[in-house]
Amino acid sequence: MSKVLVSDSIDQVGIDILSQVAQVDVKIGLPPEELVRIIPEYDALMIRSGTRVTQEIIEAANNLKIIGRAGVGVDNVDIPAATRKGIVVVNSPQGNTIAAAEHALTMMLSMSRYVPDANQSVKTGQWDRKSFVGVEVYKKTLGIVGLGKIGSHVAAVAKAMGMKLLAYDPFISQERADQIGCRLVDLDLLIQESDYITLHIPKTKETYHLFNAEVFAKMKPTARLINCARGGVIDETALADALRTGQIAGAALDVFENEPLEADSPLRELGSKIVLTPHLGASTEEAQVNVAIDVAEQIRDVLLGLPARSAVNIPGLYPDVLEKLKPYLQLAETLGNLVGQLAGGRVDFLDVRLQGELAGTSSQAVVVASLKGLLSQALRERVNYVNAGIEAKERGIRVIETRDASVTDYTGSLHLEAKGSLGTHSVTGALLGDHEIRITSVDDFPINVPPTRYMLFTLHRDVPGIIGNIGSLLGRFNVNIASMQVGRKIVRGEAVMVLSLDDPLPEGILAEIIKVSGIRDAYTVTL
Ligand SMILES: NC(=O)c1ccc[n+]([C@@H]2O[C@H](COP(=O)([O-])OP(=O)(O)OC[C@H]3O[C@@H](n4cnc5c(N)ncnc54)[C@H](O)[C@@H]3O)[C@@H](O)[C@H]2O)c1
Ligand SMILES: O=C(O)CC[C@@H](O)C(=O)O
């Protein structure tokens with residue numbers, strides 16, 4: 001039975017789903033060295049933002065197939081390391097959108113009305129109505145940095161509260177911003193004109209310390225900053241200075257560069273100018289159920305050999321597209337494996353040609369499946385849909401994708417040509433009905449055979465006696481032939497013979513086959 005480690009607290013509903021297919025161990029707050037020690041036992045790891053899945057942990061994770069992040073941000077996972085190791089990383093892109101947006105709005109309002117301090121004051125026996133005179137958000141300008149899922153929901157609610165909306169997001173169109181009701185502006189203008197700025201961007205190289213001393217100097221002295229996105233996008237020392245010196249009026253932060261926030265952080269010393277929460281953006285009952293179901297279902301599916309719907313490090317394929325493409329992916333993998341074995345040595349170049357109906361589909365997954373097949377002889381089970389692309393690149397395999405919708409021999413077919421150190425070989429395959437794979441050409445010789453586990457391909461002169469000679473040779477070595485077919489372009493010219501065998505070819509027999517008069521080449525293939 002598979003084993004899943006849950007190393008952050010997730011809703012029980014997620015554990016129940018995982019328990020359908022695996023032994024689930026919940027171990028929260030493990031020190032990194034302990035995680036490195038025990039991770040080899042596990043097939044899947046489920047986390048929230050508390051666990052940092054470092055390269056060291058991934059390198060030790062010799063059985064891990066999937067890391068599930070019950071939330072959006074995957075910046076606590078070393079994705080390149082996971083990809084190289086062939087580990088799928090999945091998240092829940094939408095499960096906590098509303099929770100995070102509502103938390104940002106809560107932070108904006110509670111900061112504006114000093115709710116946390118007023119609450120504390122009443123609870124400590126006071127009745128002070130003078131110290132907590134706030135400001136309204138109505139008719140104020142809200143600058144939204146990052147107009148994705150959370151930013152858009154914040155925009156919708158803020159609009160209903162009568163706020164004017166500016167947005168900065170270099171990756172969204174004016175049309176989309178118009179739909180949301182935001183004026184798309186550059187960052188400088190947003191910084192200078194906003195009364196409130198709310199951040200909804202990922203932490204990347206580009207967004208690291210995007211809000212820094214220079215930015216605070218340009219903000220209105222009455223402006224307030226909200227960050228419920230990611231720590232690290234604000235320079236916290238510069239923010240503390242800007243608040244202390246009155247360069248800006250307030251800040252409300254849910255996320256921090258280092259979490260938990262250091263005990264001596266200057267942010268803790270800013271009184272009513274700042275509202276701090278301990279990364280609670282996703283902490284609603286609803287969001288925790290959503291993300292737990294979303295991610296646990298994906299882990300369950302991957303452990304059952306099914307695709308994940310929100311993988312962040314494999315070609316993006318929606319489930320309906322995947323369902324339709326699945327037989328073609330199987331075809332691509334089989335043909336990749338076959339052409340890789342025919343090519344024998346190092347492959348430098350793979351031409352992936354999508355023909356007929358296949359020419360109109362997403363090629364990315366078909367290419368990845370072809371590469372997975374091609375590399376499977378060298379890498380065995382180490383290669384998968386996650387790392388096939390990266391492994392091919394690291395081996396210097398250049399891939400060219402071409403499409404030809406005019407080929408109509410079959411509804412859809414795939415042609416792979418591999419050029420390498422030992423020459424060039426090509427194979428074509430198609431689907432018979434919806435699922436049955438047929439190899440329809442080898443080195444441009446037309447054939448029509450289903451792939452089988454053990455196969456023998458020969459290139460020979462099409463003259464009488466060759467087939468019989470090969471048959472008796474295999475008989476002498478006690479190899480049973482299940483089926484045989486010859487493909488040729490012209491009578492008595494060159495031909496290809498394809499034999500499906502019940503048993504693997506014994507050592508040394510290939511050399512004997514090549515010695516048979518008329519045989520030019522022979523290849524054994526195991527699929
Ligand atoms: N506090 C929490 O508990 C909590 C909960 C959920 C999500 N989050 C975080 O909130 C953030 C937003 O999540 P989302 O679901 O809306 O993501 P999203 O991908 O839907 O939106 C992010 C937006 O940021 C934009 N963007 C990227 N780089 C940018 C840049 N340099 N400048 C401006 N815009 C840029 C993208 O174009 C995108 O529109 C993420 O960092 C996520 O991890 C935090
Ligand atoms: O796990 C959490 O509670 C935080 C999740 C949040 O940061 C996210 O990116 O989804």
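Conventions and cut-offs
Residues numbered from 1 in each chain as written. Chains lettered and ligands numbered in written order. Predicted model: local features only at pLDDT ≥ 70, side-chain atom pairs only at ≥ 80, totals over all residues. Heavy atoms only, no water. Near = heavy atom within 4 Å. Polar contact = N/O pair within 3.5 Å; in protein donor to acceptor, adjacent residues only side chain to side chain. Areas by Shrake-Rupley, 256 points an atom, 1.4 Å probe, with all protein chains shown as cover. UniProt positions renumbered as here; feature names shortened; annotations may be inferred. Helix = DSSP H or I, 4+ residues; strand = E, 2+ residues; numbered from the N terminus. Pairing = 2+ DSSP bridges. Axes fitted to C-alpha atoms, helices over the stretch in contact; angles between N-to-C directions. Core = buried A, V, L, I, M, F, W, Y, C linked by side-chain atoms within 4.5 Å. Buried < 20%, exposed > 50% of the residue type's maximum accessible area, 1.4 Å probe, protein only. Domains from an automatic or database assignment. Contact = heavy atoms within 4.5 Å.

1. Brief notes about the site of ligand 2
Part 1 of the reasoning: Taken together, the residues surrounding ligand 2 are Arg48, Ser49, Arg69, Gly71, Val72, Gly73, Asn96, Arg230, His279 and Ala282.
Part 2 of the reasoning: Residue Ser49 places a main-chain N or O atom 3.4 Å away from an oxygen atom belonging to ligand 2.
Part 3 of the reasoning: Between ligand 2 and Asn96 there is a distance of 2.8 Å, counted from an oxygen atom to a side-chain nitrogen or oxygen.
Part 4 of the reasoning: Computed on the free molecule, ligand 2 has an accessible area of 300 Å², of which 92% lies beneath the protein chains in the complex.

2. Here we look at the UniProt feature "domain: ACT" (unreviewed entry) in the protein
Part 1 of the reasoning: Those residues carrying the UniProt feature "domain: ACT" (unreviewed entry) are residues 455-527 in this numbering.
Part 2 of the reasoning: End C-alpha atoms of residues 455-527 are separated by 8 Å, and the span's content is 25% helix alongside 42% strand.

3. Structural notes on the sheet that holds strand β19 (residues 454-461)
Part 1 of the reasoning: Reading across the sheet, the four strands line up as β20-β21-β19-β22 and stay open at both edges, with antiparallel pairing between neighbours. The sheet is open, and its two edges are formed by β20 (481-488) and β22 (519-526), each paired on a single side. Within this sheet the neighbouring strands show an average axis-to-axis angle of 15°, counted without direction.
Part 2 of the reasoning: As paired elements, β19 and strand β21 (residues 494-501) share eight bridges and run antiparallel to each other.

4. Some thoughts on the nonpolar core
One broad trend across soluble globular proteins is that nonpolar side chains are buried collectively.
Part 1 of the reasoning: In this structure, Leu350, Leu414 and Phe457 are the most contacted members of the largest nonpolar core, which totals 46 residues.
Part 2 of the reasoning: If you tally residues by element for this core, the top one is helix α13 (residues 319-343), at ten residues.
Part 3 of the reasoning: Two domains each put at least three residues into this core: domain 3 (314-451) and domain 4 (453-526).
Part 4 of the reasoning: Residues contacting Leu350, with those up to four places away along its chain left out, are Val339, Ser370, Leu371, Leu374, Ile397, Arg398, Val399, Ile400, Leu416, Glu417 and Ala418.
Part 5 of the reasoning: With 31 residues, the next largest nonpolar core counts Val145, Leu166, Val185 and Ile197 among its residues.

5. A look at the site of ligand 1
Part 1 of the reasoning: In the vicinity of ligand 1, 26 residues are found, and the nearest of them are Lys149, Ile150, Asp169, Cys228 and Asp254.
Part 2 of the reasoning: One of the backbone N or O atoms of Gly73 is found 3.5 Å from an oxygen atom in ligand 1.
Part 3 of the reasoning: Within the side chain of Arg230, one N or O atom sits 3.3 Å away from an oxygen atom of ligand 1.
Part 4 of the reasoning: Contact with the protein chains covers 87% of the free accessible surface of ligand 1, which is 860 Å².

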